[in-house]
Amino acid sequence: MAYECILAEKDGEVGVLTLNRPEALNAFSDQLMDEVTDALKKFDADDDIGCIVLMGSEKAFAAGADIKEMASKSYIDVYSEDFITKNWEEATRVRKPIIAAVAGYALGGGCELALMCDFIIAADNAKFAQPEITIGAMPGAGGTQRLARFIGKSKAMDMCLTGRMMDAQEAERCGLVSRIVPKGELRAEAIKVARQIADFSRPIAMLTKEAVNRAYETTLSEGVRFERRVFHSVFALEDQKEGMTAFIEKRKPSFKNR
Ligand code: CAA
């Protein structure tokens, strides 16, 4: 598939996917989301890739669903095509870690896509919002659900009911983003963090991601049981032996991803 709305590049073991539809501030047209889905699937299946970075431009990570494409749809249109489920949720199915590197606007579906990634590194100019209510709609790609789980009911209600923008500092304070970096350094920093993850044992990073995500799907006691079983399974990996032996021998481990 030739891409027109995104760039997909490899930087060593890091897959970098850049939303690239500047004329619409990376608003999610069907084509853009089809391309994102295709690129994520390819990176996930690529043995050379250990971690993925998903980013936009310095002005906009993404301004949400394409309002011009969406405005005239009827109920039966959106119901029949299961609008946005079709090609919007690939990020939640990817098994390798995905970092959202957010600069500028992350609005509506843009904020929701960032929330589907494993964690968010924000530039100091990042702005998050669920402004759907201001255009006669409501969040439809997890905004009312993931946002409430990540930042709590009060802030999520505030954002979804007023449509206000949250800046990077507030987003970090309330746990929406994991770290803030100067906007000119976002790409380099995100790739550096992704490379650090990619250098660890790949199966262990994937198991860890699966276990953390389980915390959002199950009870505490079930989640802890799941974590214990996954933890036990790590001892079947050569990488566990290598990691612990390297510590004892005071050298850097050399993980083989098995
Ligand atoms: N859809 C389609 N086009 C969009 C867009 C969107 N979501 N956001 C911006 N654009 C387009 C603008 O129409 C404009 O195009 P033209 O030059 O052809 O007029 C271009 O991008 C630049 O935008 P602005 O001129 O508006 O730029 P600005 O700097 O003045 O403002 C902004 C930037 C605050 C992000 C503003 O564009 C804006 O408010 N955008 C809409 C944000 C929004 O409401 N997003 C939610 C969408 S609904 C959704 O996502 C549903 C869901 O949950 C699934």
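Going by an unreviewed UniProt entry, the chain carries the name enoyl-CoA hydratase and comes from Amphiplicatus metriothermophilus. Its UniProt record, at the heading Function (unreviewed entry), says of the chain: "Could possibly oxidize fatty acids using specific components." Looking at the chain in UniProt, the text filed under Sequence similarities (unreviewed entry) is "Belongs to the enoyl-CoA hydratase/isomerase family."

(A) Representation of the overall build of the chain within the structure. The helix and strand inventory of the chain stands at 13 helices and ten strands. Taken over C-alpha atoms, the radius of gyration comes to 19 Å for the chain, in line with the 18 Å a tight globule of 258 residues would show. The C-alpha extent of the chain, read off along each of the three principal axes, is 65 × 45 × 40 Å. Across the 258 residues of the chain, 44% fall into the buried class. Across the chain, contacts joining residues at least 24 apart in sequence account for 67% of those joining residues at least 6 apart. Looking at the chain as shown, the accessible area adds up to about 13,400 Å², and 55% of this sits on carbon and sulfur atoms. Taken together, the 35 basic and 40 acidic charged side chains of the chain have centroids lying 5 Å from each other.

(B) Layout of the packing of helix α6 (residues 109-116) against helix α7 (residues 143-151). Across the interface, α6 lies against α7 with an axial gap of 10 Å and an inter-helix angle of 55°. Put simply, α6 runs oblique to α7. Along this stretch, α6 crosses α7, giving a crossing that reads as left-handed. Each of E112, L115 and M116 in α6 lies in contact with α7, whose residues at this interface are G143, R146, L147 and F150.

(C) The arrangement of the domain arrangement of the chain in detail. Taken domain by domain, the chain comprises domain 1 (6-198) and domain 2 (201-249). For domain 1 versus domain 2, the distance between C-alpha centres works out to 27 Å. Taken together, the contact between domain 1 and domain 2 spans 15 residues of the former and six residues of the latter. Considering only the side of domain 1, the residues that lose the most area to domain 2 are R95, D118 and R149, jointly responsible for 42% of the buried surface there. The interface formed by domain 1 and domain 2 includes two salt bridges. The partner of D118 in a salt bridge is K209, with the nearest N and O atoms 2.8 Å apart. Linking domain 1 with domain 2 are five residue pairs in polar contact (both at pLDDT 80 or more). Mapped by element, the contributors of at least two residues to the side of domain 1 that touches domain 2 are α7 and α10 (186-199). Here the residues of the side of domain 1 that touches domain 2 are counted per class, giving seven nonpolar, one polar and seven charged.

(D) Seen up close, the sheet that holds strand β9 (residues 166-167). Read across the open sheet, the four strands follow the order β4-β6-β8-β9; overall the sheet is mixed. Edge strands, defined here as strands with exactly one partner in the open sheet, are β4 (60-62) and β9. Summarising the sheet, strand β6 (residues 105-107) and strand β8 (residues 127-129) pair through three bridges and their orientation is parallel. The residue of β8 that forms the bridge with Y105 is K127. Set on the sheet, α6 makes contact with β4, β6 and β8; between it and β6 the angle comes to about 90°.

Scoring rules and cut-offs
Residues numbered from 1 in each chain as written. Predicted model: local features only at pLDDT ≥ 70, side-chain atom pairs only at ≥ 80, totals over all residues. Heavy atoms only, no water. UniProt positions renumbered as here; feature names shortened; annotations may be inferred. Helix = DSSP H or I, 4+ residues; strand = E, 2+ residues; numbered from the N terminus. Rg over C-alpha atoms; globule rule 2.2 N^0.38 Å. Buried < 20%, exposed > 50% of the residue type's maximum accessible area, 1.4 Å probe, protein only. Contact = heavy atoms within 4.5 Å. Areas by Shrake-Rupley, 256 points an atom, 1.4 Å probe, with all protein chains shown as cover. Lys, Arg positive; Asp, Glu negative; His and termini not counted. Charge placed at Lys NZ, Arg CZ, Asp CG, Glu CD. Axes fitted to C-alpha atoms, helices over the stretch in contact; angles between N-to-C directions. Parallel < 35°, antiparallel > 145°, perpendicular 65-115°, else oblique. Left-handed = near helix turned anticlockwise from the far one by under 90°. Domains from an automatic or database assignment. Buried area = accessible area lost by both parts, 1.4 Å probe. Salt bridge = Lys/Arg side-chain N within 4 Å of Asp/Glu carboxyl O. Polar contact = N/O pair within 3.5 Å; in protein donor to acceptor, adjacent residues only side chain to side chain. Nonpolar A, V, L, I, M, F, W, Y, C, P; charged D, E, K, R; others polar. Pairing = 2+ DSSP bridges.

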